[in-house]
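# Results of the structural survey
For reference, the chains in residue letters:
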Amino acid sequence: MQKVWMRFFFIWLEKQKELNSMKQFYHFIVKEFYHIFRDRKTLFILLGMPMVQIIIFGFALTNEVKNTRIVIVNQSTSATAMKLVEKIESSAYFELYSQTKDPSIIDQLFKKGTVKVALIIPHDFAPALIAQNKGQLQIITDATDPNVATALTNYLSVIIQDFQKDLNPNNIIPYKMEVDTRMMYNPQLKGAYNFVPGVMAMVLLLVCTMMTALTVVKEKELGNMEILLTSPINPIKIILAKAVPYLLLSIINITTILLLSYFVLDVPINGSLVLLYAESALFIMVSLGLGLLISAGTDSQQSAMFISLIVMFLPTVMFSGFIFPIENMPLPLRIVSNIIPAKWFFIIVKSVMIKGVGIQLVWKETLILFMMMIFFFTMAIKKFKIRLA
Amino acid sequence: MAKLNSSDIAIKVTAVNKSYIVGKKKTPALENINLTIQAGTLFGLIGPDGSGKTSLFRILTSLLLPDSGEIWVDGLNVITEYKNLRKRIGYMPGKFSLYTDLTIKENLDFFASLFGTTFEENYDLIKDLYVQIEPFKDRRAGQLSGGMKQKLALCCALIHRPTILFLDEPTTGVDAVSRKEFWEILQSLKKEGITILVSTPYMDEATLCDQVALIQEGKILDVDTPAQMVNKFTNPIYAVKGANMLLLLRELEKDPSVERIYPFGEHHHLVMKEKDVLPVLPLGVTINKIKPNIEDLFIHLMQHHE
């Protein structure tokens with residue numbers, strides 16, 4: 001009889017212990033939230049950053065051609081030339097800056113930087129077109145930024161080709177090849193389709209990696225760690241409790257980014273929203289693990305910040321494929337890009353969000369991120385110092 | 001839990017060495033430390049800044065590993081059984097280490113939960129302390145005065161009813177009144193059966209301890225009760241005072257019968273080599289025989305050591 005009671009007592013005792021340890025964990029998380037909410041400035045930056053980045057990338061930093069100023073040197077007085085000018089002017093891509101007869105103005109305007117593209121219509125444009133079936137035009141661009149120059153040339157050429165079709169709608173040429181180009185998933189070639197996944201990766205990395213690294217190191221720097229380490233709390237709990245608030249904060253940030261890109265930038269969400277969130281949560285965990293790992297190896301907020309920014313953030317921008325295409329890099333750099341978690345997340349988000357694919361097509365990338373998460377957390381817990389120094 | 005028997009040993013330190021690597025040089029912080037502290041005593045570790053007090057505290061609280069030596073705290077090996085040890089000890093670091101952006105109450109609740117207890121559960125132990133800071137319980141810890149910060153830190157160190165309390169320079173930077181109150185609190189905690197190890201650079205606080213250890217440059221000079229300790233000072237000692245104190249100090253330093261002379265508050269303390277021999281004093285200088293205090297002994301031991 002007594003034995004039975006004893007057993008019950010021990011089970012009860014074990015349960016109490018568990019409850020206590022859950023309480024301990026819960027209180028630790030509550031404390032982390034206090035830290036975050038009471039540091040208003042940082043909180044403001046954390047929540048405002050995704051909005052600012054989406055707006056900057058969406059409206060300021062873009063390669064898209066829109067209302068670009070163009071100079072047209074029109075030496076022809078023909079009606080055809082006038083029609084062409086009208087056509088260019090009426091397109092959404094170009095805005096007529098000036099129309100002259102003097103080609104020397106191009107050089108001046110290019111040097112000033114006011115205009116980046118010019119079109120020359122020679123005086124014999126219309127006669128040549130009619131007499132020889134061959135009218136010549138010249139496009140001149142400021143190629144100091146090659147990407148912009150190429151884009152402008154392409155846009156302008158398309159308009160001119162279009163114009164050519166307008167001129168003789170039912171021309172009959174015996175052998176004619178018609179190329180029908182389709183830009184899949186992004187027919188309007190919108191930059192937003194590419195940078196929204198990129199901004200997501202960047203923001204999550206900044207918030208999770210840098211902030212978690214800072215929050216642990218702060219405890220070391222301010223001496224709080226000295227008391228935490230003389231208490232019975234398990235290092236795993238410290239690490240996880242530090243991660244939870246930033247996980248929630250990051251989910252808010254993802255929502256902000258998705259809402260802004262859907263409603264303001266007209267980026268569609270073609271795939272499953274649940275999958276998108278799940279993949280984001282996975283990437284957040286990877287970033288958190290990385291942040292905690294950095295914090296385990298550093299002792300001052302300054303060095304934690306430095307490592308997060310220089311060692312993590314820059315390679316992420318460079319090797320995620322978000323700004324510079326990885327396919328164009330030399331082999332060694334392409335190999336390096338594989339260890340950057342953001343690269344895999346970038347691929348996943350682009351596939352799920354823009355192409356609308358399901359898990360069956362991104363499971364490999366997901367698995368890689370999952371392995372990375374396990375690795376970072378294991379390392380962070382392993383490297384967590386149970387003593388000072 | 002039954003109160004520990006007073007004959008029990010709370011802390012036993014045997015041949016502990018610790019050195020830090022500064023640059024490429026190895027600088028010893030603690031050299032061959034041996035210490036035995038009985039349970040239930042208020043033990044003072046007295047020594048100037050940089051004498052190794054904090055290093056010793058960190059080793060005793062399992063925060064640092066010694067290079068060599070053996071340490072038992074509350075019957076547990078500090079190196080191998082640190083997990084269990086950390087449930088039982090209370091530690092208050094020399095630097096204020098609570099969360100400045102949390103209020104008094106939030107700090108207390110947090111540290112209570114850290115040790116798997118609650119503020120209410122051990123309220124009776126910290127009651128006397130807590131009522132003094134209770135009016136400010138919703139104020140953030142960063143906005144408290146030095147004395148209040150110390151009281152809060154002590155509350156947090158006590159919240160889980162530790163068997164041994166480690167206080168590293170708790171009264172440094174605290175005003176005289178708060179210091180006095182603080183020591184009264186320590187006396188009452190001792191009555192609760194808690195062993196207290198306290199370090200301080202102030203010699204006058206030594207007399208408030210049951211036992212003291214004098215530490216200098218990583219070595220323990222002496223361990224004894226304060227009363228016994230001063231008895232070891234056998235040379236005759238006098239307090240002298242004159243119109244020109246600086247000149248007096250220089251004059252008497254030259255006297256061969258003088259062991260040493262040093263400024264001490266308003267007076268100079270004059271230690272003679274032999275009894276009943278007095279130096280030649282200039283006119284107008286008053287001289288009184290005094291009882292040596294701990295500081296006199298400390299200076300004495302320090303110079304013998306060198």
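Residues numbered from 1 in each chain as written. Chains lettered and ligands numbered in written order. Predicted model: local features only at pLDDT ≥ 70, side-chain atom pairs only at ≥ 80, totals over all residues. Heavy atoms only, no water.

### Notes on the interface of chain B and chain A
With 32 residues of chain B in contact, the opposing surface of chain A contributes 26 residues. Interface area for chain B against chain A, summed over the two sides, is near 2,700 Å², with a carbon-plus-sulfur share of 58%. At the boundary of chain B with chain A, the tally comes to two salt bridges. Measuring nitrogen to oxygen at the nearest pair gives 2.7 Å for the salt bridge that ties Arg 38 of chain A to Glu 106 of chain B. Taken together, the connections running from chain B to chain A amount to 17 residue pairs in polar contact (both at pLDDT 80 or more). Mapped onto the side of chain B that touches chain A, the elements with two or more residues apiece are helix 2 (82-88), strand 6 (89-92) and helix 3 (104-114) of chain B. With six residues, helix 3 of chain B is the single largest residue contributor to the side of chain B that touches chain A. Of the residues assigned to the side of chain B that touches chain A, the class counts are 17 nonpolar, seven polar and eight charged. (Contact = heavy atoms within 4.5 Å. Buried area = accessible area lost by both parts, 1.4 Å probe. Salt bridge = Lys/Arg side-chain N within 4 Å of Asp/Glu carboxyl O. Polar contact = N/O pair within 3.5 Å; in protein donor to acceptor, adjacent residues only side chain to side chain. Helix = DSSP H or I, 4+ residues; strand = E, 2+ residues; numbered from the N terminus. Nonpolar A, V, L, I, M, F, W, Y, C, P; charged D, E, K, R; others polar.)

### Digging into the domain arrangement of chain A
Domain annotation for chain A reports domain 1 (68-184) and domain 2 (192-388). Between domain 1 of chain A and domain 2 of chain A, the C-alpha centre-to-centre distance is 46 Å. (Domains from an automatic or database assignment.)

### A short note on the environment of Leu 249 of chain A
Residues and elements named next belong to chain A. Examined against the element boundaries, Leu 249 turns out to sit in helix 9 (residues 235-263). Leu 249 sits 45 residues away from Leu 204 along the chain, and the two C-alpha atoms are 9.6 Å apart. If near-sequence neighbours (up to four positions away) are discounted, Leu 249 is found in contact with Ile 36, Leu 43, Leu 46 and Leu 47.

### A word on the pattern of salt bridges
The final tally for this structure, using the stated rule, is 23 salt bridges over all chains. Its salt-bridge partner being Asp 299 of chain A, residue Lys 220 of chain A comes within 3.7 Å of it at the nearest N-O pair. Of this pair, Lys 220 of chain A sits in helix 7 (residues 192-221) while Asp 299 of chain A sits in the loop between helix 10 (273-297) and helix 11 (301-319), placing them 79 residues apart in sequence. Exposure remark for Asp 299 of chain A: the relative accessible area of 51% places this residue in the exposed category. Asp 210 of chain B is paired through a salt bridge with Lys 190 of chain B; the nearest N and O atoms lie 3.0 Å apart. Residue Asp 210 of chain B is found in the loop between strand 8 (195-200) and strand 9 (211-216), and its partner Lys 190 of chain B is found in helix 6 (residues 176-191); the two are separated by 20 residues along the sequence. The exposure class assigned to Lys 190 of chain B is partly exposed, which follows from its relative accessible area of 23%. Look at the salt bridges and you will find they share partners, linking Lys 31, Glu 32, Glu 219 and Lys 242 of chain A into a network. (Buried < 20%, exposed > 50% of the residue type's maximum accessible area, 1.4 Å probe, protein only.)

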